[in-house]
Amino acid sequence: MRGLMQEWPLLVHTFIDHAKIHHGEREIVTRKVEGDIHSTTYSEIYSRSKKFAKALKELGVTKSDVIGTLAWNTHRHLESWYGITGLGAIYHTLNPRLFTEQLDYIINHADNKFIISDISFVEILENIQDKIPNVQGFIFLCEKSDLPDTKLKNVYSYEELINSQDDNFEWVKLEENDACGLCYTSGTTGNPKGVLYSHRSNVLHTLVANSADAMGIKSTDVVMPVVPMFHANAWGLSFSAPMSGCKVVMPGMNMDGESIYELLNDHKVTFTAAVPTVWLMLLQYLEANDLKLPYLERVAIGGSAVPRVMLEKFEKNYDVSVMHAWGMTEMSPLGTIGAFKSGMEELSFDEQMDIKLKQGRASYMVEMKITDDDGNDLPWNGKDFGHLLVRGPFIASKYMKGDGGQILDNQGFFDTGDVATIDELGFMQITDRSKDVIKSGGEWISSIELENIAVGHPDIAEAAVIGIFHPKWDERPLLICVPAEGKDPNKDNVLEYLEDKLAKWWMPDDVVFVDEIPHTATGKIQKLTLREQFADYELPTA
Ligand code: ADP
């Protein structure tokens, strides 16, 4: 017997519809790419996204067309997503930090019909124009008068397109499993692969990502998504913000400590989210200028592991609660988040920090297991570590156009490529990416854990650990450090600092200092480049 409830497809336009009716006057503030601060409301965003859908329709865009967006977090970028998806088309976020060869590859692979772009990216597009012949035009997120002087063909001003329409437009009727958004993984090995979200997966992910033990955003919150919309859907905030009716602060293109602090303070932001590198810059700025964060209540950090010093500074020095989260593009992205279970509130500060350093427990609708190399399940005891696999309704079942072939095991689980432990209470801790773990004499050393302990050294700003060939042990760890500004640490005092914090056989065999550590397009340490850079490195212990 079938249930007798209403058929109400899960479509993303319902977020902005809801916000317009129930939170129409709530503010969305943007630091525009042009530099000035702009303020609008959910009502306006709703109206302008309808106008934009109409304009796209007039340009010939129809259901299932893919529209690239090369843009920072702004109100216009947000409107464009609702316009695109309300027409049944698919937004495809283009990460401007990708190498240009990767950008033209994904634009062609996904067959972008138009590209919507901030004016700051005109040069990137000019450089690849000849390689993307199927793109019919470029819509710049600006007034007509601000259009860049460019050799690109078929250029439109977003504001002019909007101003030429009224908002009398009915969202196109769609099915909830229709495609809605597209985001490519950053392709640290081989070509990037496309993850194609559906309306249904985005709605389900939003409900879960905004549950009380996860981001838990309320209408009274002021939310600043620093994590870019081109990085795994801004972790769902483009949808959970209008669903909750919170005020939103969009930071635009400036992610430096001063710019971020200014917005946090001026707009009394209560919740924000970004990768650790952004928070490193903010904390350095706060310390150098002796500033506090009186309004900020919660910060979600993910994308890379949170170092203990960062966690403790937020919690102790600034009274901000850190929500350590783990996920990936293929998971929409949220997999786990570190909310306490009953009784943990009573633990000591240090015990609580031990829990928060783990990547957290699985959200509802995320099934998780760890297995050995032969695919056998490993126990949840916090010690055994193995391949981390996941299953659920907002996790990819295939990549765009079938790239990579079959990606699920015979039980439907997706291999995340991460190595992890899960403890008795279900808290997962990432040991490493499976390709980064250091294999020393048959045992595994976690590069992440070493890095996080090393950055606790007061004279080290950032640290990376890679495995270097060793004739006896196969691989041994090399610690690569960027000194903190004005500091001059040396190998001996770094090793001395690590001595009582590590098992003896985990101690790096050597320490080197560099000016900069390379990062991927999503802010992670670029281990592949480091491994190439140090390919011929000989350890003093070899
Ligand atoms: P990319 O496109 O760079 O792969 P993703 O955000 O999809 O970007 O990367 C997902 C990977 O990032 C995960 O598989 C994991 O290795 C790493 N990651 C994400 N969050 C964390 C975290 N909190 N701690 C450690 N690693 C993390």
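Residues numbered from 1 in each chain as written. Predicted model: local features only at pLDDT ≥ 70, side-chain atom pairs only at ≥ 80, totals over all residues. Heavy atoms only, no water.

Caption draft 1: Structural detail: the overall build of the protein chain. In terms of regular secondary structure, the protein chain is built from 15 helices and 25 strands. Taking 2.2 N^0.38 as the reference for a compact globule, 542 residues should give roughly 24 Å; the C-alpha atoms of the protein chain span a radius of gyration of 23 Å, in line with that estimate. Taken along the three principal axes of its C-alpha coordinates, the protein chain extends 70 × 65 × 45 Å. Relative to its full complement of 542 residues, the protein chain shows a buried share of 59%. In the protein chain, 66% of the contacts between residues at least 6 apart in sequence involve partners at least 24 apart. Summed over all atoms, the accessible surface of the protein chain reaches about 23,100 Å², with 48% contributed by carbon and sulfur. Computed over 50 positive and 80 negative side-chain charges, the inter-centroid distance for the protein chain is 5 Å. (Helix = DSSP H or I, 4+ residues; strand = E, 2+ residues; numbered from the N terminus. Rg over C-alpha atoms; globule rule 2.2 N^0.38 Å. Buried < 20%, exposed > 50% of the residue type's maximum accessible area, 1.4 Å probe, protein only. Contact = heavy atoms within 4.5 Å. Areas by Shrake-Rupley, 256 points an atom, 1.4 Å probe, with all protein chains shown as cover. Lys, Arg positive; Asp, Glu negative; His and termini not counted. Charge placed at Lys NZ, Arg CZ, Asp CG, Glu CD.)

Caption draft 2: Molecular detail of the pairing of strand E5 (residues 112–117). With 6 of 6 residues buried, E5 is to be regarded as a mostly interior element. Relative to E5, strand E3 (residues 66–70) runs parallel, the two being bridged by 5 bridges. For Val-66, the partnering residue across the bridge sits in E5 and is Asn-112. In this fold, the crossover linking E5 to strand E6 (residues 137–140) by way of helix H5 (residues 122–128) has right-handed handedness. (Pairing = 2+ DSSP bridges. Right-handed = clockwise from strand over helix to strand, strands pointing away.)

Caption draft 3: The arrangement of the packing of aromatic side chains in detail. For the structure shown, the criterion picks out 15 aromatic pairs. What links up through ring pairs into an aromatic cluster is the set Phe-15, Trp-81, Tyr-82, Tyr-91 and Phe-239. Over the ring of Tyr-318 we find Lys-292, and its NZ or CZ is 5.1 Å from the ring centre. Positioned over the ring face of Phe-340 is Lys-356, at 5.4 Å from the centre of the ring. (Phe/Tyr/Trp six-rings, centres within 6.5 Å; stacked < 30°, edge-to-face > 60°. Lys NZ or Arg CZ within 6 Å of the ring centre and 35° of its normal.)

Caption draft 4: Spotlight on the sheet that holds E6. Spatially, the 7 strands line up as an open sheet ordered E7-E6-E5-E3-E4-E8-E9, and their pairing is mixed. One side of each edge strand has no neighbouring strand; the edge strands of this open sheet are strand E7 (155–157) and strand E9 (194–198). Between one strand and the next, the sheet's axes are offset by a mean angle of 25°, whatever the strand orientation. Examined bridge by bridge, strand E4 (residues 90–93) and strand E8 (residues 179–184) share 3 bridges and lie parallel to one another. Each residue of the ladder has a partner; that of Thr-93, found in E8, is Cys-183. Across the face of the sheet, helix H7 (residues 199–209) comes into contact with E4, E8 and E9 while running at roughly 80° to E9. (Axes fitted to C-alpha atoms, helices over the stretch in contact; angles between N-to-C directions.)

Caption draft 5: Geometry of the domain arrangement of the protein chain. Under the domain assignment, the protein chain is made up of domain 1 (13–23 + 35–205), domain 2 (344–428) and domain 3 (438–533). If you average the C-alpha positions of domain 1 and of domain 3, the two centres end up 40 Å apart. Taken residue by residue, the interface counts 5 residues in domain 1 and 5 residues in domain 3. Taking both partners together, domain 1 and domain 3 bury about 410 Å²; carbon and sulfur atoms supply 59% of that area. At the junction of domain 1 with domain 3, the criterion picks out 0 salt bridges. The class makeup of the residues in the side of domain 1 that touches domain 3 is 1 nonpolar, 3 polar and 1 charged. (Domains from an automatic or database assignment. Buried area = accessible area lost by both parts, 1.4 Å probe. Salt bridge = Lys/Arg side-chain N within 4 Å of Asp/Glu carboxyl O. Nonpolar A, V, L, I, M, F, W, Y, C, P; charged D, E, K, R; others polar.)

Caption draft 6: Region of the structure containing the site of the ligand. In the neighbourhood of the ligand, 17 residues make up the surrounding shell, with Ala-325, Thr-329, Asp-418, Arg-433 and Thr-522 lying closest. Between the ligand and Ser-304, the relevant distance is 3.4 Å, taken from a nitrogen atom to a main-chain nitrogen or oxygen of the residue. In the environment of the ligand, an oxygen atom lies 2.7 Å from a nitrogen or oxygen atom belonging to the backbone of Thr-329. Here the ligand, which alone exposes 570 Å², has 92% of that area covered by the protein. Looking at which element gives the most residues to the shell around the ligand, the answer is strand E14 (residues 321–327), with 4 residues. Its residues assigned to classes, the shell around the ligand shows 4 nonpolar, 10 polar and 3 charged. (Near = heavy atom within 4 Å. Polar contact = N/O pair within 3.5 Å; in protein donor to acceptor, adjacent residues only side chain to side chain.)

Caption draft 7: Structural context of the pattern of salt bridges. Across all of its chains, the model carries 30 salt bridges by this definition. Of the charged contacts, one joins Glu-287 and Lys-313 as a salt bridge, the two residues approaching to 3.0 Å between their closest N and O atoms. Of this pair, Glu-287 sits in helix H10 (residues 276–289) while Lys-313 is found in helix H11 (residues 308–317), placing the two residues 26 residues apart along the sequence. The exposure class assigned to Lys-313 is partly exposed, which follows from its relative accessible area of 27%. As a salt-bridge pair, Arg-391 and Glu-367 come within 2.7 Å of each other at their nearest N and O atoms. Highlighted residues: Arg-391 in strand E18 (residues 386–391) and Glu-367 in strand E17 (residues 367–371), separated in sequence by 24 residues. Looking at Glu-367, the relative accessible area reads 40%, which means it is partly exposed.

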